[in-house]
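Remarks on the overall topology
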2 protein chains.
Amino acid sequence: MISEHFKNMLGQKSVIRSMNAKAFEQGEKIGHENIFNFSLGNPSVPAPACVNETMVKLIGETDPMQLHGYSESHGILEVRAAVAAYLEKTYHLPYKADHVFMASGAAGALAHAFRAVVCPGEEIITFAPYFPEYGPYVHETGAILRVVPADTESFQINFEAFEEILNEKTAAILINSPNNPSGIVYSTATIQKLADILYAAQKKFGHEIYIISDEPYREIVFTGVDAPCISSFYDNTLMCYSFSKSISLPGERIGYVAVNPACKDAELIIHMCTQISRGIGHNCPASLIQLTVAEVLGQTADLSVYEKNSDILYRELTRMGFSIVKPGGTFYMFPKAPIEDAGEFCNKALEYGLVIVPGDSFACKGYFRIAYCVPTETVERSIPQFEKLAAFYGLGGK
Amino acid sequence: MISEHFKNMLGQKSVIRSMNAKAFEQGEKIGHENIFNFSLGNPSVPAPACVNETMVKLIGETDPMQLHGYSESHGILEVRAAVAAYLEKTYHLPYKADHVFMASGAAGALAHAFRAVVCPGEEIITFAPYFPEYGPYVHETGAILRVVPADTESFQINFEAFEEILNEKTAAILINSPNNPSGIVYSTATIQKLADILYAAQKKFGHEIYIISDEPYREIVFTGVDAPCISSFYDNTLMCYSFSKSISLPGERIGYVAVNPACKDAELIIHMCTQISRGIGHNCPASLIQLTVAEVLGQTADLSVYEKNSDILYRELTRMGFSIVKPGGTFYMFPKAPIEDAGEFCNKALEYGLVIVPGDSFACKGYFRIAYCVPTETVERSIPQFEKLAAFYGLGGK
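Thresholds applied
- In every chain, residue numbers begin from 1 and rise along the written sequence.
- Following the order in which they are written, the chains are lettered starting with A and the ligands numbered starting with 1.
- In view of the model being predicted, local features appear only for residues whose pLDDT reaches at least 70, and side-chain atom pairs are presented and counted only at 80 or more, with totals across whole chains, interfaces and linings using the full set of residues.
- Under the DSSP-based scheme used, a helix requires at least four consecutive residues in state H or I and a strand at least two consecutive residues in state E, with every element numbered from the N terminus.
- Whether two residues are in contact depends on their C-beta atoms, placed from the backbone: they are in contact if these lie within 7 Å.
- Three classes are used, and their members are as follows: Ala, Val, Leu, Ile, Met, Phe, Trp, Tyr, Cys and Pro are nonpolar, Asp, Glu, Lys and Arg are charged, and the others, Gly among them, are polar.
- In superposing the copies, a least-squares fit is computed on C-alpha atoms, taking residues whose pLDDT is at least 70 in both.
- Multiplying 1.5 Å by the residue count of a helix minus one yields the expected span of that helix.
- In this scheme every C-beta is placed from the backbone, and a residue whose C-beta has 20 or more other C-beta atoms within 10 Å is buried, one with 12 or fewer is exposed, and one in between is partly exposed.
- When the strands point away from the viewer and the connection leading from the first strand across the helix to the second strand turns clockwise, the crossover is called right-handed.
- At least two bridges found by DSSP between two strands is the condition for calling them paired.
- To get an axis, fit a line to the C-alpha atoms, keeping to the stretch in contact for a helix; angles then go from 0 to 180 degrees between the N-to-C directions.
- Oblique is the label for every angle not falling under 35 degrees (roughly parallel), over 145 degrees (roughly antiparallel), or within 65 to 115 degrees (roughly perpendicular).

Thoughts on unusual backbone geometry
Most peptide bonds are trans, and most residues other than glycine sit at a negative phi. Residues and elements named next belong to chain B. Cis geometry marks the peptide bond from Ser177 to Pro178, where omega comes out at -5 degrees. Summarising the element assignment, Pro178 is placed in the loop between strand S5 (170-175) and helix H9 (188-205). Omega for the peptide link from Asn180 to Pro181 comes to 20 degrees, which places this bond in the cis form. Within the element layout of this structure, Pro181 appears in the loop between S5 and H9.

This is how it looks when you write it as structure tokens:
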């Protein structure tokens, strides 16, 4: 029988998608050039030239049987070794190929991490605000996603609420720093405290508790921001990475799970990932794409535009009277809406051509997300519109 | 907690993998040049030149933001439209883009098809001999895989046994023609009879029953063989395709689900696939690979080697006294072992350097699989070894 479960999911409209549909309607009215689309987390700068150069080189120089041939379900050994060497050099942890599993983007990486270390019925704790896809990602594993309310002062971790939710059924903590949607990077103090609490909880409950660290924005960190490597603070960490954001390859769907070498059963977890793949129909990433990223590790797109955009928006919007925790990275910020209903606020913003997303979908009501992965010129042109919006709500800015 | 379920799966050794480990040991003893590896279903001919040419062209001519950018989770619209147009032209069914979902290879395609039209607790019927991965593929969906014993006379369908197993819980029939491991292609008569039975069963049980048709070998059909398009015979058919075998791109992990336009809720099923992706961490195939296959639809690698190898092996092995149903396609054949225990037979074969796989893993005891996707020269050199093996078992050949 057709699955009612997945059929019903179709009925749950994505807020981002419906904002975009409304934005299109508004564009028809006021001219599409007057629409400032800050709704999508899609890189706005191209991949660096080395990506295409590497691809063309590989195609020209590699035997097609090898280039396009089957790889192990872990991923290509040389690629895993290259990723491990890069991580070792960068984070000073003794990663080897056996700690790395190549996955189809962050979604693929997370799907394996969840299933490897969390059993159906166990709990995964995450922190608001969080990427809404975590809901369906976790639901399908049979585990339960529990959400710690946001610390809206700093968008670091609300530890008091966290310790109330942490319990013997907790199998993993899912974190995302630099964070979508807040743009905040967890500080050394935050990560240290999280690790301390988890080490104590492991002792208290007598079982492992894992950190599953979703790090697609790892390299998008602004000048001077404290951005600790999470795996360095806690042994039982599974790092889930994607090449989508920092090197602008979202369509090529490539990422990895890297298990901290000090994690209990680290190599076993990587081997288990291959078994998990069989059940969920995962195929390791396309071989050409694997071989390509192995040669450009550590390279990024020109990420400076994101910091520039962030600076402009933060400066201008705070001047206007918006309350914002200053982003430390990513291409998002998460200001407080001047009214309680962020949905209503975002609808109003659309009248001024501003496409922004209410925080409700990120489990944080009363806030809104600006995705400023757009040309700086778009940001600059949008400022007068934000100004009008602020004026409409009588914000006390200058 | 670490998943005992996936941990235990690691303990279940793959027969093919263990045959390969033994083959390596044997190679160390008798020289690796004297090992004839017929264990792996890996294409032995390179992708046609048009694949690399298209890739290089796309890289050179496409804006990198578009080339490497996010695609819809269904797959790139133009690619889906191209696949639909190709299917329409080839099979004369009115496929449109809305009937096509791009997936990461056949495993990805099947993972979506199962979840779309089969609910947990319902049954999927397949026919022995069958690809052993169907076990874990189906298990993880919560559905139950039921197996119809082989018709070893023809490796077509054992309809008597099928009709006994068909029941009101049957949600889908999983077929694979051309077949791994038998090499047999289901005839028009077989497909027509299957369709007739299923139309009657739908009426009797009052619900849809789907055919999930796993077709990675669709283009590898030998001269003069009747190879009907399954979707043409039965409306509720989900075709699952992979570009791995016929165009030799196994590492690039690309395929699709094409729902027969006449299938009940055809477009809905494709949209449901995008929801299924969210739960299993599927990402649609890499954009460069999608764009590439869209331009080379209908092209294949030089598949003639497989028919040539098949002819030699069939002729020589039947001459020696082996009993074989003549393959109609793929790069497999599935002869009867001269003793009851095919595992023991395959171990003996290894002493002669012949790496073949016992049929037990394909749910068909007493048979063995030869994967002849190897250079013809390897096939020719292996004949004297098969001869010795036949002599050892006193087969009555000439």
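After presenting the structure, the write-up continues.
What about the interface of chain A and chain B?
Listed as interface residues are 62 residues of chain A and, on the opposing side, 62 residues of chain B. Across the side of chain A that touches chain B, the residue classes break down as 32 nonpolar, 20 polar and ten charged.

Considering the relation of the copies chain A and chain B
With an RMSD of 0.0 Å, chain A superimposes on chain B once it is rotated by 180 degrees and translated 0.0 Å along the axis. Read as a symmetry element, the transformation amounts to a two-fold axis. Of the residues that chain A buries at the interface, 100% are likewise interface residues in chain B, meaning the two copies contact each other through the same surface.

A look at helix H2 (residues 15-30) of chain A
For H2 of chain A, which comprises 16 residues, the first-to-last C-alpha distance of 22 Å matches the rise-based estimate of 22 Å (1.5 Å per residue) to within 8%. Downstream of H2 of chain A by one or two residues, Gly31 of chain A has phi in the positive range, about 95 degrees.

Structural notes on the pairing of strand S3 (residues 123-127) of chain B
All names here are of chain B. Burial of S3 is extensive: four of the five residues sit out of reach of the surface. Taken together, S3, helix H7 (residues 134-139) and strand S4 (residues 144-148) form a β-α-β motif whose crossover is right-handed. Pairing of S3 with S5, which is carried by four bridges, proceeds in the parallel orientation. For Glu123, the partnering residue across the bridge sits in S5 and is Thr170.

Let's talk about the packing of helix H1 (residues 4-11) of chain A against helix H10 (residues 266-280) of chain B
For the pair H1 of chain A and H10 of chain B, interaxial distance at closest approach is 9 Å and the crossing angle is 90 degrees. Classed by the angle they form, the pair H1 of chain A and H10 of chain B counts as roughly perpendicular. Each of Phe6, Lys7, Met9 and Leu10 of chain A in H1 of chain A lies in contact with H10 of chain B, whose residues at this interface are Leu268, His271, Met272, Gln275 and Ile276 of chain B. Tallied by class, residues from the contact of H1 of chain A with H10 of chain B come to six nonpolar, two polar and one charged.

Describing the sheet that holds strand S11 (residues 357-358) of chain A
Each strand in a sheet pairs with its neighbour through backbone hydrogen bonds, running either in the same direction (parallel) or in the opposite one (antiparallel). All names here are of chain A. Read across the sheet, three strands follow the order S9-S12-S11 without closing on themselves; strand pairing throughout is antiparallel. Of all strands in the sheet, those with a lone pairing partner are strand S9 (332-333) and S11, marking the two edges. Relative to strand S12 (residues 368-371), S11 is paired through two bridges, and the arrangement is antiparallel. In the sheet register, Pro358 faces S12, and the bridge partner there is Phe368.

A closer look at the sheet that holds strand S6 (residues 210-214) of chain A
Residue and element names in this part refer to chain A. Strand order in the open sheet formed by seven strands is S2-S8-S7-S6-S5-S3-S4, and the pairing between neighbours is mixed. Whereas interior strands pair on both sides, the edge strands pair on one side only; in this sheet they are strand S2 (100-103) and strand S4 (144-148). Mean inter-strand twist for the sheet, computed between neighbouring axes without regard to direction, equals 20 degrees. Both S6 and strand S7 (residues 237-242) contribute to a ladder of four bridges, which runs parallel. Residue pairing for S7: Ser213 is matched across the bridge by Met239. Its contacts with the sheet place helix H10 (residues 266-280) against S2 and strand S8 (255-259), and it is angled at close to 150 degrees to S8.

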